[in-house]
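Examination of the molecular architecture
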Amino acid sequence: MIEINNLHKHFKGNYVLKGVGFEVGKGETVAIIGPSGSGKSTLLRCINLLETPSDGEIKLDELTIHAHHITKEMLLKVRRSTGMVFQNYNLFANKTAIENIAEALITVKKKTRSDAMAEAEVLLNKVGLQNRAKHYPSGLSGGEQQRVAIARALALNPKVILFDEPTSALDPELVQEVLQVIRKVAKEHVTMIIVTHELEFARDVADKVIFMDDGRIIEQNSAVEFFKNPKEERTKKFLEKFTQQSMYYI
Amino acid sequence: MKGILDFSYMIESVPAIAKGIPVSISIAVVAFGFGIVIGLIGALAKIYNIPVLKQITAVYVSFIRGTPLLVQIFLSYYGIPLVIRYFNFQYGTEWNISFIPAIYFIYVAFSLNAGAYLTETIRSAILSVDRGQIEASYSVGMTTYQSLKRIILPQALKVGLPNIGNQFIALLKDTSLAFAASVPEIIGMAKIIAGRTSQFFEVYIVAALMYWAICIVLERAMALLETRLRRNERGVQNDRN
């Protein structure tokens, strides 16, 4: 349902993506992992065209986007069929929690305010924040803000939700509440692509894992196989570092 | 000589000078209204790098900031009639210049002046809004216009309000220059009245107190508006539950 082919992206001579391609099936959860600066976030931002790819092709169901022919109409179409959860939450600061979720329903789906608010309330319940409906983002904890952001991304019923390191900015004790919500969403077979540093979470929740380094996909496999039998040398090294690190914490 | 000030004359002159207050306020309000529109267009032209419009804005802002308001008033007061006369001559129109009240030239000069300063104020206010807010609104499929109207501008207004308010107060005080085009605003009236008795000092003190009083009211109003706009920093809408 999602197919990325030969995606390139460079910023003024700085090559961040050097021909990336992969597929995501309907209802699948894909985790993208890799060291900082490997192009994971850029890849994600290219999928909903927050960054314009320099070259390559993106297919979302019947919608095909070539890097060199992106019209305004396509841009809106792609963004309306994808949801995004940002590292820094990016909730609308001038809107309450419930208004944040209702916003796109009002502006994009052209629903009445009362219909949109009713739908938003259902989503707010889903992420367990019904008692925070009238709070502004500044009055919510990081974990709560991120849960609202997930509800906001779900509101348009997108074909895929893109998570850009959803727990990296959170205090350690708040990480689990956000991961719980993502797990819940994954169980409902919403298609998701998650860029994450939480390898354990990736192993638990993802169907497929993609390992990136230096703008390329080094290895991709089912989550079980990927962690049990990494094939590439670089993957092994990366995973080794991770297991050593977690030993320090214990 | 009884004393430095003739208080009873000052009180007597109040009603006559006060006739200038509505004129002063009308200049400030009209110029501010058009100034906001010009400022918004200029700011967006600069931020979105709109070709041609962006260059025009740059020259316009530079010219207005680089010349005194008094000179701009003269240019408008003497220049616009010339342009109209030229049109009449070239295109056979029959606009009568002497029927245009002087205050319209003042409106033009002050609007253009306010617009230039507001371009910069509004631009910096918009740029102060976190880039993530724009990305978030795009990520849910909002158009640039929707994102500006519902997310960016409301937040920019909150940041920019103290500056915009200051500019309105400055603008109101600048209206005192309109007497140069013989518009009967506060100073214009004061000059007329003082001309009869030569008691300039008294009359100008009364005028000064009037400006001050208006500005105190404006400051209060601005503070109230700011508290209202900052309500979403308290964390909860209405009451905390």
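The model shown is predicted, which means the values in this text are computed figures rather than measured ones. (Residues numbered from 1 in each chain as written. Chains lettered and ligands numbered in written order. Predicted model: local features only at pLDDT ≥ 70, side-chain atom pairs only at ≥ 80, totals over all residues. Heavy atoms only, no water.)

1. A short note on the interface of chain A and chain B
Note on interface size: it is often stated as the accessible area lost on association of the parts. Contacts between the two partners involve 31 residues from chain A and, on the opposite side, 26 residues from chain B. Taken together, the two surfaces of chain A and chain B that pack against each other cover about 2,400 Å², and 50% of this comes from carbon and sulfur. It is A:Phe92, A:Asn94 and A:Tyr136 in chain A that bury the most area against chain B; as a group they hold 24% of the surface buried on that side. At the junction of chain A with chain B, the criterion picks out two salt bridges. Note that A:Glu103 is salt-bridged to B:Arg150, the shortest N-O span being 2.4 Å. When residues of the side of chain A that touches chain B are traced back to their parent elements, those giving at least two are helix H2 (72-80), strand S6 (82-85) and helix H3 (97-107) of chain A. By residue number, the principal contributor to the side of chain A that touches chain B is H3(A), which donates five residues. A per-class count over the side of chain A that touches chain B returns 12 nonpolar, 10 polar and nine charged. (Contact = heavy atoms within 4.5 Å. Buried area = accessible area lost by both parts, 1.4 Å probe. Salt bridge = Lys/Arg side-chain N within 4 Å of Asp/Glu carboxyl O. Helix = DSSP H or I, 4+ residues; strand = E, 2+ residues; numbered from the N terminus. Nonpolar A, V, L, I, M, F, W, Y, C, P; charged D, E, K, R; others polar.)

2. Considerations on the environment of A:Asp61
Residue and element names in this part refer to chain A. Checked against the element boundaries, Asp61 lands in the loop between strand S4 (55-60) and strand S5 (63-66). Spatially, the C-alpha atom of Asp61 lies 25 Å from that of Ile33, the residues being 28 residues apart in sequence. Those residues within four positions of Asp61 in sequence are excluded, and the remaining contacts are Met1 and Lys159.

3. Digging into the sheet that holds strand S1 (residues 2-11) of chain A
Residue and element names in this part refer to chain A. Pairing within the open sheet is antiparallel, and its four strands lie in the order S2-S1-S4-S5. Every interior strand has two partners, whereas the edge strands, strand S2 (14-24) and S5, have only one. Recorded for the sheet is a direction-independent mean angle of 15° between the axes of neighbouring strands. For S1 and S2, the ladder comprises eight bridges, and the chain directions are antiparallel. Bridging across to S2, Ile4 finds its partner in Phe22. (Pairing = 2+ DSSP bridges. Axes fitted to C-alpha atoms, helices over the stretch in contact; angles between N-to-C directions.)

4. So, the pattern of salt bridges
Enumeration according to the criterion identifies 16 salt bridges over all chains in this entry. Between A:Lys126 and A:Glu188 there is a salt bridge whose closest N-O contact spans 2.9 Å. Residue A:Lys126 is found in helix H4 (residues 113-126), and its partner A:Glu188 is found in the loop between helix H6 (172-187) and strand S8 (192-195); the two are separated by 62 residues along the sequence. The class for A:Lys126 is partly exposed, based on a relative accessible area of 29%. In this structure, B:Lys46 and B:Glu120 form a salt bridge, with 2.8 Å as the shortest nitrogen-oxygen distance. One end of the pair, B:Lys46, is in helix H2 (residues 20-47); the other, B:Glu120, is in helix H5 (residues 102-127), with 74 residues separating them in the sequence. Take B:Lys46: its relative accessible area is 24%, and that puts it in the partly exposed class. Classification of B:Glu120 as buried rests on a relative accessible area of 15%. In this structure, a network of salt bridges that share partners links the residues A:Arg45, A:Glu51, B:Arg131 and B:Glu135. (Buried < 20%, exposed > 50% of the residue type's maximum accessible area, 1.4 Å probe, protein only.)

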